[in-house]
Amino acid sequence: MSSRFAPRPTRTSVRGGETAVPVGVPRQTTAHLNRTWRPPHPLDLGLTLGPLRRGPADPTFRTTPDGSVWRVSRTPQGPGTLRVALRAGTVEAEAWGPGAAWFLDQLPVLLGELDDPEPFEPRHRLVAATARRRPGLRLTRTSLVLESLIPSILEQKVTTDEAYRAWRLLVRTFGEPAPGPTPAQARMHVMPEPRTWSLIPSWEWHKAGVDNKRAATILRAVARASRLEEAAVMEPLKAQARLELIPGIGPWTSAETVQRSNGAPDAVTTGDLHLPGIIGYALADNRDADDAEMLRLLTPYEGQRHRASRLILLSGRTPPRRHPRMPRGNIAPL
């Protein structure tokens, strides 16, 4: 279908990981390192990498008209920039910076090589239909904890727009320009290193709209950065338990983190304002479902509840609004 007539992603489907990746002419660049990889399964770059994007202006994530996805990370070997594109079933990747080799070594894992959807068995017509329409969905695994944990902390108890703004301002102000020939005008930046996070003045948190509670949680997390990064190779439940040892990190934040860092197929998000109602409405026509009801409805997908939730979010079936959206706050002018 022509992109001109393709349905636009909604807020719910974007949360499910839907990211539009343009199909265009390959971009010619000279890379520091490059790699090709042919995945043994269907792969949709937008669906797989989409959950890593924190808003349309995320300084660590971009898509470009040539069909590429650009990603910037602070890897164990240092800052790195990755450009990845899918051409005729083959992944073409280029990387720059000290973290380039690490990025390319981790490429198959990032694109779902370790994800096994075989145990997943749709038990609802809606879920089955969405799974058929989205065969390229794979659960990413970044093997990096802080880059998913910090934006998840920023998203606690605020609107996504507020959280995206805070992440964008803090990364651009205190991060460093991404290595390599990143897209023109993209202003891509590498997330600050733990020590830099710890030195951000209180007024800068305030200017970014981050209250003292979330800022303090981030400061506690970066003080234990090395221990938290070890969670990337742990079983998801043990990884969540380690993250939740930090005051201010609860089940919602830990689940949102390990879904990305560990590729956890069963890490269902609880404590969310909207997710129980979306899943309740999709599976049982119950828009007033709470966490307990959501978990009951997802019981048939035990072991794959996060995958089931993603497919439900991507289905497009959401309850009609009956209240205004959560008001957007901004503490910066105070």
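Up top is the structure these notes are about.
Residues numbered from 1 in each chain as written. Predicted model: local features only at pLDDT ≥ 70, side-chain atom pairs only at ≥ 80, totals over all residues. Heavy atoms only, no water.

Asker: Help me understand the environment of Q304 in this model?
Answerer: Structurally, the position occupied by Q304 is in the loop between helix 15 (291-297) and helix 16 (305-315). Remark: the alpha-carbon pair of Q304 and A267, spanning 37 residues in sequence, is separated by 8.1 Å. (Helix = DSSP H or I, 4+ residues; strand = E, 2+ residues; numbered from the N terminus.)

Asker: Would you explain the pattern of salt bridges in this entry?
Answerer: For side chains of opposite charge, pairing can occur when their charged atoms come near one another. Overall, the coordinates contain 16 salt bridges when judged by the stated rule. With its nearest N and O atoms 2.7 Å apart, the salt bridge here joins E230 to R242. Linking E230 in the loop between helix 11 (225-229) and helix 12 (236-243) with R242 in helix 12, this pair joins segments that are 12 residues apart in sequence. The exposure class of R242 is buried, given its relative accessible area of 18%. (Salt bridge = Lys/Arg side-chain N within 4 Å of Asp/Glu carboxyl O. Buried < 20%, exposed > 50% of the residue type's maximum accessible area, 1.4 Å probe, protein only.)

Asker: Explain unusual backbone geometry to me, please; I cannot follow it from the model alone.
Answerer: Excluding glycine, residues mostly have negative phi values, and the peptide bonds linking residues are mostly trans. Phi at K157 is positive, roughly 60°, even though this residue is not glycine. Of note in this structure, R187 is not a glycine but carries a positive phi near 55°. Among the structural elements, R187 can be located in the loop between strand 6 (176-177) and strand 7 (189-190). By relative accessible area, which is 52% here, R187 ends up exposed.

Asker: Mind showing me how you'd approach empty space enclosed by the protein here?
Answerer: If a probe as big as a water molecule is rolled over the atoms, it shows which places are left empty. According to the stated counting rule, one finds 2 cavities of 30 Å³ or more in the structure shown. By volume, the largest cavity is sized at about 120 Å³. Taken together, 13 residues form the lining of the largest cavity, with L52, T60, R71, E147 and W167 sitting closest to its centre. At the level of secondary structure, the elements contributing two or more residues to the lining of the largest cavity comprise strand 3 (68-75) and helix 6 (146-154). Considered class by class, the residues forming the lining of the largest cavity number 6 nonpolar, 2 polar and 5 charged. Taken as a whole, the second largest cavity spans an internal volume of roughly 40 Å³. Taken together, R71, W102, F103, Q106, L110, R141 and T142 make up the lining of the second largest cavity. Grouping the amino acids of the lining of the second largest cavity by side-chain chemistry returns 3 nonpolar, 2 polar and 2 charged. (1 Å grid on protein atoms, 1.4 Å probe; cavity = no way out; pocket = protein on both sides within 12 Å on 5 of 7 lines; lining within 4 Å. Points joined across faces, edges and corners; volume = space filled by probe spheres on them. Nonpolar A, V, L, I, M, F, W, Y, C, P; charged D, E, K, R; others polar.)

Asker: It is not clear to me how the packing of aromatic side chains should be interpreted in this structure. Could you clarify?
Answerer: The geometry of two aromatic rings is summed up by the distance between their centres and the angle between their planes. Tallied over the entire structure, the rule returns 5 aromatic pairs. Aromatic pair W167 and W197: ring centres 6.4 Å apart, planes at 15°, arrangement stacked. Separated by 30 residues along the polypeptide, W167 in helix 7 (residues 160-174) and W197 in helix 8 (residues 194-198) bring together distant segments of the chain. Across the pair, W197 and W167 agree in class, each one buried. An aromatic cluster is defined as three or more aromatic residues linked by ring pairs; in this entry it consists of W167, W197 and W205. For the cation-ring pair, R317 lies above Y281, with the distance from its terminal atom to the ring centre recorded as 4.3 Å. (Phe/Tyr/Trp six-rings, centres within 6.5 Å; stacked < 30°, edge-to-face > 60°. Lys NZ or Arg CZ within 6 Å of the ring centre and 35° of its normal.)

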